[in-house]
Amino acid sequence: MAETSVDNSIILDIKHVSKSFRSKSKTVQAIEDVDFKVGRGEFISVIGPSGCGKTTLLRLIAGLEVDYEGDILLNNKRVEGPGLDRGVIFQDHRLLPWLTIEENLALGLTEDKTQIKALVKQYLKKVDLEGFENAYPRQLSGGMSQRASIARALIRQPEILLLDEPLGALDALTRYNMQEELEKIWMDNKTTMIMITHDIEEAVYLSDRIVVLDARPCKVKEIFTIPLEHPRDRSSIKFEEYRASVVSSFRSAVSNYSI
Ligand SMILES: Nc1ncnc2c1ncn2[C@@H]1O[C@H](COP(=O)(O)OP(=O)(O)OP(=O)(O)O)[C@@H](O)[C@H]1O
Ligand SMILES: [Mg+2]
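Counting starts from 1 at the beginning of each chain's written sequence and moves along it residue by residue. Here every chain gets a letter starting at A, and every ligand a number starting at 1, in the order they are written. Only residues with pLDDT of at least 70 get local features here, since the model is predicted, and only at 80 or more are side-chain atom pairs given and counted; chain-wide, interface and lining totals rely on the full set of residues.

Remarks on the domain arrangement of the protein chain
- Segment limits for the domains were obtained from an automatic or database-derived domain assignment. The assigned domain composition of the protein chain is domain 1 (10-85 + 159-255) and domain 2 (96-157).
- Residues are scored as being in contact if the C-beta atoms we place from backbone atoms lie within 7 Å. Facing the 13 residues of domain 1 at the interface are 11 residues of domain 2.
- Labels follow the DSSP assignment, with helices taken as runs of H or I lasting at least four residues and strands as runs of E lasting at least two, numbered in each case from the N terminus. Ranked by residue count, the leading element in the side of domain 1 that touches domain 2 is helix α5 (residues 172-189), at 7 residues.
- Residue polarity follows a fixed list, in which Ala, Val, Leu, Ile, Met, Phe, Trp, Tyr, Cys and Pro are nonpolar, Asp, Glu, Lys and Arg are charged, and the others, Gly among them, are polar. Residues that form the side of domain 1 that touches domain 2 fall into these classes: 8 nonpolar, 3 polar and 2 charged.

Some remarks on the environment of His 198
- Residue placement: His 198 occurs in the loop between β8 (192-196) and α6 (200-206).
- Considered as a pair, His 198 and Val 212 are 14 residues apart in the sequence and their alpha carbons are 11 Å apart.

Examining the sheet that holds strand β6 (residues 86-89)
- Two strands are counted as paired when DSSP detects at least two bridges linking them. Spatial strand order, β6-β7-β8-β3-β9-β10: 6 strands in an open sheet with mixed pairing. Taken across any chain shown, the strands that pair with only one partner, and hence form the sheet edges, are β6 and β10 (220-225). Neighbour-to-neighbour, the strand axes of the sheet open up by a mean angle of 15°, direction not taken into account.
- Where strand β3 (residues 43-47) meets β8, 4 bridges bridge the pair, whose relative direction is parallel. Each bridged residue has a counterpart across the sheet, and for Val 46 the counterpart in β8 is Ile 196.
- On the sheet, helix α1 (residues 54-62) packs against β3, β6, β7 (160-164), β8 and β9 (209-213) and is oriented at approximately 155° with respect to β7.
- In this analysis, axes come from line fits to C-alpha atoms, helices being fitted only over the stretch in contact, and the angle between any two N-to-C directions falls in the range 0 to 180 degrees. Where helix α4 (residues 142-154) meets the sheet, it contacts β6 and β7, and its direction lies at approximately 170° from that of β6.

Some details on the packing of α4 against α5
- Where α4 contacts α5, the axes come no closer than 11 Å and their chain directions differ by 15°. Accordingly, the angle class assigned to the pair α4 and α5 is roughly parallel. Two packed elements cross with a definite hand, and for α4 against α5 that hand is right-handed. Contacts from Gly 142, Gly 143, Gln 146, Arg 147, Ile 150 and Leu 154 of α4 reach α5 at Thr 174, Asn 177, Met 178, Glu 181, Ile 185 and Asn 189.
- Residues of the contact of α4 with α5, tallied by class, amount to 4 nonpolar, 6 polar and 2 charged. To sort the angles, those under 35 degrees are grouped as roughly parallel, those over 145 as roughly antiparallel, those from 65 to 115 as roughly perpendicular, and the leftovers as oblique. Here a crossing is called left-handed whenever its near helix is offset anticlockwise from the far helix by less than a right angle, and right-handed whenever the offset is clockwise.

A look at the site of ligand 1
- Only the C-beta atom matters for nearness: placed from the backbone, it must lie within 6 Å of the molecule or strand for the residue to count as near. Taken together, Phe 21, Val 28, Ala 30, Gly 48, Ser 50, Gly 51, Cys 52, Gly 53, Lys 54, Thr 55 and Thr 56 form the complete shell of residues around ligand 1.
- Those elements that place two or more of their residues in the shell around ligand 1 are β2 (27-39) and α1.
- Split into classes, the residues belonging to the shell around ligand 1 amount to 4 nonpolar, 6 polar and 1 charged.

Structure, rendered in structure tokens:
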């Protein structure tokens with residue numbers, strides 16, 4: 001009886017979340033009453049003006065900030081701290097420079113040595129880095145390092161991958177390629193992804209839904225659904241129509257913005 005209200009298709013429920021930072025001289029209201037749900041396996045992008053609170057929102061979901069109002073429910077349990085069910089990828093790859101790629105990926109895994117070796121091989125293959133087990137991060141390009149950091153997050157098989165401008169530091173061509181890699185990884189693994197980006201075309205290329213945040217304090221301005229099939233064709237008329245609608249929403253969010 002009873003528990004019929006639990007909806008398993010929803011992995012993350014962000015319920016009326018607000019967060020402010022207080023210092024002696026002032027209080028910054030970073031997020032105000034942000035409210036949306038994320039379906040299991042969905043790819044969500046979050047865009048909004050610089051400084052509006054996107055990273056703060058991601059850190060709250062990751063459990064790296066725990067002092068907030070409202071509720072963030074992951075599988076119906078309130079987020080109270082970090083956990084292996086969430087992987088986080090930042091703009092810089094954050095690989096440890098003194099460890100090889102294999103050692104970086106293996107860090108913290110508890111399987112036996114042979115299993116870890118096999119797992120590392122399997123996940124490096126997913127990101128097209130076969131054969132780079134023994135390389136050090138300094139021997140990889142920016143795009144390769146970012147792929148290694150995606151493999152490092154995926155190997156832990158998180159339920160949700162949280163990505164904070166993961167491709168922001170890459171040149172345009174590498175970025176295009178990485179968007180396609182990310183699309184492939186998402187289609188193969190069915191991991192729920194929440195990605196912050198400043199690149200609207202990237203958001204339209206990858207996402208099931210795009211959450212546009214308004215200027216500080218950050219509120220949800222609009223949520224777009226992009227029902228296009230994957231892999232997506234950037235040159236299609238439909239793609240351009242969605243891109244134009246998101247650009248116009250983002251523009252009006254930026255015009256409300258004052259430092
Ligand atoms: N630890 C902190 N202490 C005090 N204020 C903070 C802290 N972290 C963030 N803020 C403030 O909260 C607001 C939102 O910051 P946040 O980093 O979330 O923005 P953002 O949307 O990710 O910006 P960007 O697009 O530039 O990365 C900013 O005004 C910032 O100064
Ligand atoms: Mg940020």
